[in-house]
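Below are the chains, spelled out letter by letter.
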Amino acid sequence: METIEELKKQGYKLSNFYKEQDSDKVYWIASDHIGEHMFSFDKKIIYNLFADYPNNLTEEQVETFDKENPYWANFFSSRK
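Residues numbered from 1 in each chain as written. Predicted model: local features only at pLDDT ≥ 70, side-chain atom pairs only at ≥ 80, totals over all residues. Heavy atoms only, no water.

Membership of the largest hydrophobic core is limited to 12 residues, which are V26, W28, F39, Y47, L49, Y53, L57, V62, F65, W72, A73 and F76. Of all the secondary structure elements, the ones that give two or more residues to this core are α3 (59-68) and α4 (70-75). The residues touching F65, leaving out its near neighbours within four places in the chain, are V26, W28, F39, F41, L49, Y53 and W72. (Core = buried A, V, L, I, M, F, W, Y, C linked by side-chain atoms within 4.5 Å. Buried < 20%, exposed > 50% of the residue type's maximum accessible area, 1.4 Å probe, protein only. Helix = DSSP H or I, 4+ residues; strand = E, 2+ residues; numbered from the N terminus. Contact = heavy atoms within 4.5 Å.)

Laid out in structure tokens, this is it:
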């Protein structure tokens, strides 16, 4: 979990925030790093899916993320 500014200092080139569905609360972030899945709830704090899910999210964020991303919720079900 890092801010956009911290990631840019590390050399990340982050582009568009986008949502899978217009009604989603989770923003995905396009990154130039292959294999990284980055997302945000507020466009300020960026989460790395593999490093931060679910331990660095609040219960409400996990619930929202799981509802909007059932594939990843199932993929990481052993982490809960």
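After that view, the rundown keeps rolling.
With three bridges connecting them, strand β3 (residues 27-31) and strand β4 (residues 38-40) associate as antiparallel partners. Counted as the bridge partner of I29 is M38 from β4. If you look at the hairpin formed by β3 and β4, you'll find six residues sitting between the two strands, and G35 has a positive phi there, around 85 degrees. (Pairing = 2+ DSSP bridges.)

Let's shift gears to the confidence of the model for the chain. Across the chain, the average pLDDT comes to 90, with 96% of residues at or above 70. Summarising per-element confidence for the chain, the mean pLDDT is lowest in strand β2 (residues 14-18) (77) and highest in α3 (98). (pLDDT = per-residue confidence, 0-100.)

Applying the stated criterion to the full structure yields 17 aromatic pairs. Aromatic side chains Y71 and W72 sit 5.0 Å apart centroid to centroid with 80 degrees between the ring planes, which places their arrangement in the edge-to-face category. With a relative accessible area of 16%, W72 lands in the buried category. One aromatic cluster is present, built from ring pairs that chain together W28, F39, F41, Y47, F50, Y53, F65, Y71, W72, F75 and F76. (Phe/Tyr/Trp six-rings, centres within 6.5 Å; stacked < 30°, edge-to-face > 60°.)

Another point: the side chain of Q61. Looking at where Q61 falls in the secondary structure, it is placed in helix α3. Taking relative accessible area as the criterion, Q61 reaches 16% and is therefore assigned buried. Non-local contacts of Q61, meaning those with residues more than four positions away in its chain, are made with F41, Y47 and N56.

Now for unusual backbone geometry. Across the junction of Y53 and P54, the peptide omega takes the value -5 degrees, indicating a cis bond. Position of P54 relative to the elements: it lies in the loop between α2 (49-52) and α3. A positive phi angle, near 65 degrees, is found at K43, a position not held by glycine. When you line up the elements, K43 lands in the loop between β4 and β5 (45-48).

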